[in-house]
Structures are given as structure tokens and as C-alpha cells.
Amino acid sequence: MGRGDSLSRATRIRQIFVRWQEALMLEISWQDFEKVELRLGTIVSVEEFPEARKPAYKLTTDFGDKIGIKKSSAQVTDLYKCEDLVGKQIAAVVNFPPKQIGPFISECLVTGFVQEDASVVLAVPDKPANNGSRLA
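Now for a description of the structure that goes with this document.

What counts and how
- Residues numbered from 1 in each chain as written.
- Predicted model: local features only at pLDDT ≥ 70, side-chain atom pairs only at ≥ 80, totals over all residues.
- Heavy atoms only, no water.
- 1 Å grid on protein atoms, 1.4 Å probe; cavity = no way out; pocket = protein on both sides within 12 Å on 5 of 7 lines; lining within 4 Å.
- Points joined across faces, edges and corners; volume = space filled by probe spheres on them.
- Helix = DSSP H or I, 4+ residues; strand = E, 2+ residues; numbered from the N terminus.
- Nonpolar A, V, L, I, M, F, W, Y, C, P; charged D, E, K, R; others polar.
- Core = buried A, V, L, I, M, F, W, Y, C linked by side-chain atoms within 4.5 Å.
- Buried < 20%, exposed > 50% of the residue type's maximum accessible area, 1.4 Å probe, protein only.
- Pairing = 2+ DSSP bridges.

## Considering the layout of surface pockets
What the largest pocket holds in volume is close to 780 Å³. A56, S73, A74, Q75 and I101 are the residues nearest the centre of the largest pocket, which is lined by 31 residues in total. Residue assignment for the lining of the largest pocket shows that the elements contributing at least two residues are β3 (69–74), β5 (99–101), β7 (109–110), β8 (112–114) and β9 (120–122). Its residues assigned to classes, the lining of the largest pocket comprises 16 nonpolar, nine polar and six charged. Taken as a whole, the second largest pocket spans an internal volume of roughly 160 Å³.

## Thoughts on the nonpolar core
Within the largest apolar cluster, 17 residues are counted, with the highest numbers of intra-cluster contacts made by V46, Y57, L59, V76, L85, I90 and L122. Within the residue set of this core, elements represented by two or more residues are β1 (38–48), β2 (57–62), α3 (82–85), β4 (89–93) and β9.

## So, the pairing of β2
Counting buried positions along β2 gives five out of six residues, so the element sits mostly inside the fold. Joining the antiparallel neighbours β2 and β3 is a turn of six residues, in which G64 adopts a positive phi near 90°.

Everything listed here is a matter of coordinates, which is why it stays silent on function.
Right under this line is the structure:
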């Protein structure tokens, strides 16, 4: 393989990497964002989820009178214990269709920030707020 081939291969790899990064940061319209119902809820119960492929908890969260109680699976076992989660307010997407996760039906998507070590820091308000409040 000549020097030209090596540079060409490196260039192709860079191009693929740039396209991959661009795909991850797909721009959406304001109208698309407005469709997302990102709401605040309080976790009322937590259970271990041993059937999950990756370590996870089953969360039951109260989103207030209009939305009600929803269940979700969350892969947050690295940073949180069950007892630390009960009573915690979290942000979740509540308008996804139910999703089968093993033997469990998830009704919302709990949000968090994935760290370099793959652990997840939950997205939480810095002050208490009303359950069901929409992210503005």
C-alpha cells in the first residue's frame, strides 16, 4: 500500500466520522420539539428489574392529575439506589407509545445525561415544582 492509499483511507475515515457526528446532531424544527411532552413527575415507587438485559429499575412516577401515574424502566443503577429515587422529581417524555421491555411495559421515557463511563445522571429540577409541569 502506497502513501497515497494511506492518506486516502484516512480521509475516508474522517469523512465517515463527520457524517456520523452530523447524524447524531440532526436538526429538528421548532414544531417537532413542541410535539414532545417533557413533563415533571415524582417517583413514588422503585423496584429492581432483574429480567432487564442491562441493569435497570422499574419506576412508578406520578405526573399529576391530568397525566396520572406512569411506569418506566430506567438504567440508572450505577449512580442511584432504590431508596434514593423514591420522592425524587424527574423529567420524562410522557407522549411516546408504550414500549415492551422484556416482560415490562414502559409508558414514559425518563431523561438523563449519559456520562463517559455510560452511567446516567437523571435530569431533575433544582427546585421542587408541580407534577405534570411541562418543560418550557
